[in-house]
Amino acid sequence: MLADMAESSPTAAGTPGSATDEAGLLARLRAGDDAAYEELVVRYAPQLLTVIRRYLPEEHDAQDALQEAFLSVFKAIERFQGDSSLATWLHRIAVNSALMRLRTRRRRPEKAIEDLLPRFAEDGHRADPRAVWSIRPDEASVNRELRQMVRAAIDELPESYRTILLLRDIEERTTEETADLLKLSPANVKTRLHRARQALRELLDSRLGETAR
Amino acid sequence: MNEPRCEEHRHDLTCREICEFMMAFLDGELPPEERAVFEEHLSLCPPCVQYLDSYKKTIALGKQAMADPCGIDAPRPPVPDDLVKAILAARKKQA
Ligand SMILES: [Zn+2]
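Every value quoted in this text rests on a predicted model; they were computed, and no experiment measured them.

Asks: If you had to explain the nonpolar core to someone new, which residues and values would you point to?
Replies: With 91 residues, the main nonpolar core has Leu-40, Tyr-55, Leu-66 and Phe-70 of chain A as its most contacted residues. No other element matches the 11 residues that helix H3 (residues 34-55) of chain A contributes to this core. Taken together, domain 1 (9-104) and domain 2 (113-211) of chain A each give at least three residues to this core, which thus spans both. When residues no more than four places from it in sequence are discounted, the contact partners of Phe-70 of chain A are Leu-40, Val-41, Tyr-44, Ala-45 and Leu-48 of chain A together with Ile-87 of chain B.

Okay, here's the thing in structure tokens:
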């Protein structure tokens, strides 16, 4: 019956992730169908866990945040209006849940960002000529190795800076929203985002500047 | 003649200040006057031009690297069965 729909062919239930498929799943969730809940978790947990791990590299933190995210989802599913796709909505909840865990867990000492910021001569001018990045701006969209390298560099950023970079540049949340989520002033978010980008640029420079020189 | 180095020019802004205001410049948040000074510095300082270019590329590369959490890079990382079970059990408790 209803539970069997999960196993039926994509054409009958809609291609996974498609609007019709989502609507069907939502209806079953709202009806309290246990199998639909299992389907929801099994289908979306991998991508949500991937997103959460960006904020919480330690696996037990990430798993806790994933569980909390799903509990929020279960509570809010009645109120989900479908303004965005289900996947987008889940993604936002997962990020919020990761941030919540970041705030509540014990703070860990983090690397100083200063080592990753550009250096200048005493008079404030650039001391050395820089390597040119001949790489095209969209290169990473076609180069998997490059994407992996960039992700590894993002992982190397000090936690508080990485979080802001992820929210502003990757999630494309506004300055105000980010400030709100992290309980920082908007000016502070801007300063930190700029530093985070500079630090990431520095980390990439050693790899990209070399091949481009 | 050698390519002029940055410090041989008179600037109203140092490279350090250019670096500080770079984000505001890109976001279009600099007042017209400051923007003009910023652009003048860039026209005289190749290292700052290169830095600006790599700064913009850094943002673009980050977006591309993170675009698709479960795309071809990371095809559905396994989620432990126990975790799925715990989540579903927690729902029952929640209800
Ligand atoms: Zn300069």
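Asks: Describe the side chain of Thr-163 of chain A, with residues and values.
Replies: Residue and element names in this part refer to chain A. With respect to the secondary-structure elements, Thr-163 resides in helix H7 (residues 159-170). On the basis of relative accessibility, which here comes to 4%, the residue Thr-163 falls in the buried class. Here the side chain of Thr-163 touches Glu-159 through a polar contact of 2.8 Å, landing on its backbone oxygen. Those residues in contact with Thr-163, other than ones at most four positions away along the chain, are Tyr-55, Leu-99, Leu-102 and Leu-182.

Asks: I'd like a description of the pattern of salt bridges, backed by residues and values.
Replies: Per the stated rule, a full pass over the model turns up 23 salt bridges over all chains. Two residues, Glu-139 of chain A and Arg-136 of chain A, come together in a salt bridge whose shortest N-O distance is 3.3 Å. Under the relative-accessibility criterion, Glu-139 of chain A is labelled partly exposed at 21%. Two residues, Glu-172 of chain A and Lys-63 of chain B, come together in a salt bridge whose shortest N-O distance is 3.2 Å. On the criterion of chain membership, the pair formed by Glu-172 of chain A in the loop between H7 and helix H8 (175-182) and Lys-63 of chain B in helix H3 (residues 46-66) is interchain, its members lying in two chains. By relative accessible area, Glu-172 of chain A is classed as exposed at 54%. Within this structure, Asp-21, Arg-28, Asp-33, Glu-39 and Arg-43 of chain A form a network of salt bridges that share partners.

Asks: Please provide a residue-by-residue account of the packing of aromatic side chains, values included.
Replies: Tallied over the full model, the rule gives four aromatic pairs over all chains. Seen in terms of ring centroids, Tyr-37 of chain A and Phe-74 of chain A are 5.2 Å apart; in terms of plane orientation they differ by 80°. Their pairing is edge-to-face. You can see Tyr-37 of chain A sitting in helix H3 and its partner Phe-74 of chain A sitting in helix H4 (residues 59-76), a full 37 residues away along the chain. Between the aromatic rings of Phe-25 of chain B and Phe-38 of chain B, the centroid separation amounts to 4.1 Å while the plane-to-plane angle is 10°, which identifies the pairing as stacked. In this pair, Phe-25 of chain B is assigned in helix H1 (residues 15-26) and Phe-38 of chain B in helix H2 (residues 32-44), connecting sequence segments 13 residues apart. Take Phe-38 of chain B: its relative accessible area is 1%, and that puts it in the buried class. An aromatic cluster is defined as three or more aromatic residues linked by ring pairs; in this entry it consists of Tyr-37, Phe-70 and Phe-74 of chain A.

Thresholds applied
- Residues numbered from 1 in each chain as written.
- Chains lettered and ligands numbered in written order.
- Predicted model: local features only at pLDDT ≥ 70, side-chain atom pairs only at ≥ 80, totals over all residues.
- Heavy atoms only, no water.
- Core = buried A, V, L, I, M, F, W, Y, C linked by side-chain atoms within 4.5 Å.
- Buried < 20%, exposed > 50% of the residue type's maximum accessible area, 1.4 Å probe, protein only.
- Helix = DSSP H or I, 4+ residues; strand = E, 2+ residues; numbered from the N terminus.
- Domains from an automatic or database assignment.
- Contact = heavy atoms within 4.5 Å.
- Polar contact = N/O pair within 3.5 Å; in protein donor to acceptor, adjacent residues only side chain to side chain.
- Salt bridge = Lys/Arg side-chain N within 4 Å of Asp/Glu carboxyl O.
- Phe/Tyr/Trp six-rings, centres within 6.5 Å; stacked < 30°, edge-to-face > 60°.

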